[in-house]
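Coordinate inspection notes
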Amino acid sequence: MSRTLIVSNRLPTKVLRNDDGLTFQPSEGGLATGLGSIYKQGENLWIGWPGLFVQDAAEEEYIRTELRADNMAPVFLTKAEIRDFYEGFSNSTLWPTFHYFSEFATYEQSHWDAYVRVNEKFCAAVLAQAGPEDTIWIHDYQLLLLPEMLRKARPEASIGFFLHIPFPSQELIRVLPWREQLLRGMLGADLIGFHTFGYLRHFLSAVSHLLGLPAQNGQIETASRTVRVDAFPMGIDYERYALAAASPEAQAHEAVYLEALRDTRVILSIDRLDYTKGIAQRLRAFDLLLQRYPEWRGQVSLIMLVVPSRDQVAQYASLKEEIDELVGRFNAQYRTIGWNPILYFYRSLPLEELAALYRLAEVALVTPIRDGMNLVAKEYVASKIDQRGVLILSERAGAARELSDAIIINPTDMGQLAEAMHEALVMTEDEQVARMTAMQALVKRYNIFAWTKLFMNQLAYTKMKQHTLATEMLTPVVTTQLLADYHGAKQRLLLLDYDGTLVGFHPNPQRAEPDQELRLLLRALSELPDTRVVVISGRDRATLTKWLGHLPIDFIAEHGVWLRAAGQEWELFQALRNDWMRDLRPVLELYVARTAGSFIEEKDFSLVWHYRRVDTDLGEVRARELLAHLSFMTANTDLQVMEGNKVLEIKNAGINKGTAAARWLAANPVDFILALGDDRTDEDTFRAMPPEAYTVRVGAGVRSLARFNISSPTEVRQLLRKLLV
Ligand code: GDG
């Protein structure tokens, strides 16, 4: 039976060493709760670092056995590995880069080497557990290389990957010396999840610009597989926070705090110590509030809980100093005997005390400079059981995409932040309740369990879709059946693409004219009884007429724009415009000027940029750029940019080989179809065919909607010749 394995840097249990020996402390994090429903079941497993350095083999064995009982398997890391892989590459290279703090990023070869080694270590640990058909869900930026490593060893496994931090613009990714390896590492997964659509878009753009891989409808085509990418905004365990807030313990703590605070109103902020969280900016904004609105002095306190984190990394130590200094300065400046402007805690608190703080805070100030999601914002919402309270939320936290009823601010705009605090403090109760109710409905519905389920379902669906795209070779057995069906049919159709199918590619498309053998073959096919031959091509009608017009066959030209029945005139599929060419031609000319060997082809209703003769790498890079450029220019028009084999074509949307072939079929019923094609434009044809049609994609091992693969135009001709005997 197949199992599900969760893999993350840290296990949901932390092993601690104290005077009495080892203790096992379960983590209360959102991820641990959400995935608990998965890893605790049956033979499932969570694989990760247990958080301590083991002393000897006996200790290792003991920990392994204890964790095994709770469905966990440890990966033991050494001090040097934690220094170079975790504090080094993960937290001093990837973390700052992915949060737009490139100036903090270090690029140490030794850190990279450790990162590769530790990912390999995780890979070995997973392989020791995983069967060939298991589902593996990998988490976060510490393990970006793991999906590809696992894929090599387990080609059939279902592998999901979720990134918990932002994925930045490709401009930042390209700064990394190891950018290609990192992207390829992620692409080993079948499904890659991000918190927001924005991160997903950045990822697609990085993959397109840096690896030259095309994407469509959230799917990336790699050489061997289709990888799906999607946004899954992570939720929290809503009930847990709502119940904690309502608990007698939280109420008792709150009562104690309120007594100490007397009538002071509370603004709350909670974060791990991190330069991405905007802690210093927040302090300065609070200072500004007290300057602009002196009436709040003595009335409002900022409770700031900062949880110690990564103090081995230089930036964190200096950030700590900066915060200490600011808090000291502001408190010294404003404090009175009965009032502290800032109540600063540098430690972590148990859940009941956290819940008490969420309860009593009239305002939550969540103002990260960058944050993948930010769960504190959602936890505050869930804890407001009387719906009173105001959330101020940074536009650059992933959570802002969902919590639009918060007061959304730019965290570096001190003035806006100070005004937002004032607005929150004077907001009417009715408005608070209205906003909070709307946010609660959303946070409750898209909770951590819904998130887990959505991801797992999508992963299963992705795998299923991959299987349906798995195309088998046209074997002799299939060919025999095909011929039998052909001979048994009353009306037959041969739907033949031209370039790449009937003839091979020529660097100059105008030189790919049919040879004598092909002309004879097509004529012989057209003379077969009850058999219609249709050449369906992206070529313009003039070229097709010149090359094959004398044959008694039908044509579909310009990807479906023009149709011609044997011996008749050309007809337009429907009335079309081509006045847009005037505007878009200069864009293509710009790319021709910048890309030696590329050229433009102009058809009646489409423009094509050809790059077959361009140096491969340059061609792919330019094609990605041009595609992005044209997609922008054609947004909200009825034009479409289509990627073919070494071509980009701008054409009218909605007309393609598939729509044209479907129309042909509606007018000419047949009971046998053989459709052959070699590129993406032929996928439209395959999609339009009835399931029993023999659809064949030319190109060995290519994924396609077609049922079968055949390797080359030579084999195509051999197959067609078999119909003649
Ligand atoms: C990363 C991404 C993304 C904090 N103080 C205490 C305490 N906490 C808990 C909070 C919350 C968690 O820590 C912090 O989660 P965040 O989401 O705010 O931030 P990161 O730790 O940076 O997490 C982030 C997240 O991954 C999930 O994908 O949202 O963007 O950076 O749950 O409640 N818990 C307790 N005592 C404390 O003092 N018990």
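Now for a look at the structure at hand. (Residues numbered from 1 in each chain as written. Predicted model: local features only at pLDDT ≥ 70, side-chain atom pairs only at ≥ 80, totals over all residues. Heavy atoms only, no water.)

As for the nonpolar core
If you look at the biggest cluster of nonpolar residues, it comprises 104 residues, and the most contacted ones within it are Phe167, Leu182, Ile192, Phe194, Phe203 and Ile392. Sort the elements by how many residues they give to this core and helix α4 (residues 109–129) lands first, with nine residues. For this core, the two domains that each supply at least three residues are domain 1 (4–231) and domain 2 (238–445). Leu483, Tyr486, Ala557 and Trp562 belong to the second-largest nonpolar core, a separate cluster that totals 61 residues. (Core = buried A, V, L, I, M, F, W, Y, C linked by side-chain atoms within 4.5 Å. Buried < 20%, exposed > 50% of the residue type's maximum accessible area, 1.4 Å probe, protein only. Helix = DSSP H or I, 4+ residues; strand = E, 2+ residues; numbered from the N terminus. Domains from an automatic or database assignment.)

Observations regarding helix α7 (residues 179–186)
Looking only at α7, the buried set comprises Leu182, Leu183, Gly185 and Met186. Seen end-on, α7 carries its buried residues on one side only, within an arc spanning 155°. Looking at the buried positions of α7, the neighbouring elements they touch are α3 (79–98), α4, α5 (146–153), β7 (158–162), β8 (191–194) and α8 (197–211). (Arc of directions from axis to C-beta. Contact = heavy atoms within 4.5 Å.)

Details of unusual backbone geometry
It is generally the case that most residues other than glycine have a negative phi and that most peptide bonds are trans. A positive phi is found at Asp530, a non-glycine position, where the angle reads about 50°. Relative to the helices and strands, Asp530 resides in the loop between α19 (516–526) and β20 (531–536). The phi dihedral of His559 falls on the positive side, at around 55°, and the residue is not glycine.

Description of the pattern of salt bridges
Evaluated as defined, the whole model comprises 44 salt bridges. Measuring nitrogen to oxygen at the nearest pair gives 2.5 Å for the salt bridge that ties Arg717 to Glu517. Of the two residues, Arg717 is situated in helix α25 (residues 713–722) and Glu517 in helix α19; the sequence distance between them amounts to 200 residues. On the basis of relative accessible area, Glu517 is assigned to the partly exposed category, the value being 39%. When salt bridges that share partners are traced, they join Glu620, Arg624, Glu643, Lys646 and Arg680 into one network. (Salt bridge = Lys/Arg side-chain N within 4 Å of Asp/Glu carboxyl O.)

Concerning the packing of aromatic side chains
Inspection of the entire model under this criterion finds 31 aromatic pairs. Aromatic side chains Phe24 and Tyr62 sit 6.2 Å apart centroid to centroid with 70° between the ring planes, which places their arrangement in the edge-to-face category. Taken together, the residues span a long stretch of sequence, with Phe24 in strand β3 (residues 21–26) and Tyr62 in helix α2 (residues 57–69) at a distance of 38 residues. The interplanar angle of 65° and the centroid separation of 5.3 Å between the aromatic rings of Phe89 and Trp112 together place this pair among those described as edge-to-face. Remark: Trp112 occurs in helix α4 and Phe89 occurs in helix α3; sequence separation between them is 23 residues. According to the relative accessible area criterion, Phe89 is buried, its value standing at 0%. The exposure class assigned to Trp112 is buried, which follows from its relative accessible area of 7%. (Phe/Tyr/Trp six-rings, centres within 6.5 Å; stacked < 30°, edge-to-face > 60°.)

What to know about the site of the ligand
Inspection of the region around the ligand gives 20 residues, with His164, Leu349, Asp371, Met373 and Glu379 positioned closest. Within the backbone of Asn374, a nitrogen or oxygen atom sits 2.9 Å from an oxygen atom of the ligand. For the ligand, an oxygen atom lies 2.4 Å from a polar atom in the side chain of Glu379. For the ligand, whose unbound accessible area comes to 740 Å², protein coverage reaches 83%. For the shell around the ligand, the elements supplying multiple residues, two or more each, are β12 (265–272), β13 (300–307), α13 (351–360) and α14 (375–383). It is α14 that contributes the most residues to the shell around the ligand, three residues altogether. In terms of domain composition, the shell around the ligand takes at least three residues from each of domain 1 (4–231) and domain 2 (238–445). (Near = heavy atom within 4 Å. Polar contact = N/O pair within 3.5 Å; in protein donor to acceptor, adjacent residues only side chain to side chain. Areas by Shrake-Rupley, 256 points an atom, 1.4 Å probe, with all protein chains shown as cover.)

Here's the deal with the sheet that holds strand β23 (residues 571–572)
What the nine strands build is an open sheet, ordered β18-β30-β29-β28-β19-β20-β21-β22-β23; its pairing is mixed. In this open sheet, the two strands that pair with only one neighbour each are β18 (472–473) and β23. Looking at chain direction, strand β21 (residues 554–557) and strand β22 (residues 562–564) are connected through three bridges and run antiparallel. Note that in β22 the partner of Ile556 across the bridge is Leu563. Where α19 meets the sheet, its contacts fall on β19 (492–496) and β20, and the angle it forms with β20 comes to roughly 140°. Strand contacts of helix α23 (residues 657–667): β19, β20, β21, β22 and β28 (672–677), with the helix running at about 160° to β20, the strand carrying the most contacts. (Pairing = 2+ DSSP bridges. Axes fitted to C-alpha atoms, helices over the stretch in contact; angles between N-to-C directions.)

Description of the sheet that holds strand β9 (residues 215–216)
Taken in spatial order, the nine strands of this open sheet run β5-β4-β1-β6-β7-β8-β11-β10-β9, and their pairing is mixed. Of all strands in the sheet, those bounded by a partner on one side alone are β5 (72–74) and β9. By the bridge criterion, three bridges tie strand β10 (residues 219–221) to strand β11 (residues 226–231) in an arrangement that is antiparallel. For Ile220, the partnering residue across the bridge sits in β11 and is Val227.

Some points on the side chain of Thr501
Position of Thr501 relative to the elements: it lies in the loop between β19 and α19. Exposure remark for Thr501: the relative accessible area of 0% places this residue in the buried category. One polar contact links Thr501 to Asp497, side chain to side chain, over a distance of 2.7 Å. Residues in contact with Thr501, not counting those within four places in the same chain, are Leu676, Gly677, Asp678, Val698, Pro713 and Val716.

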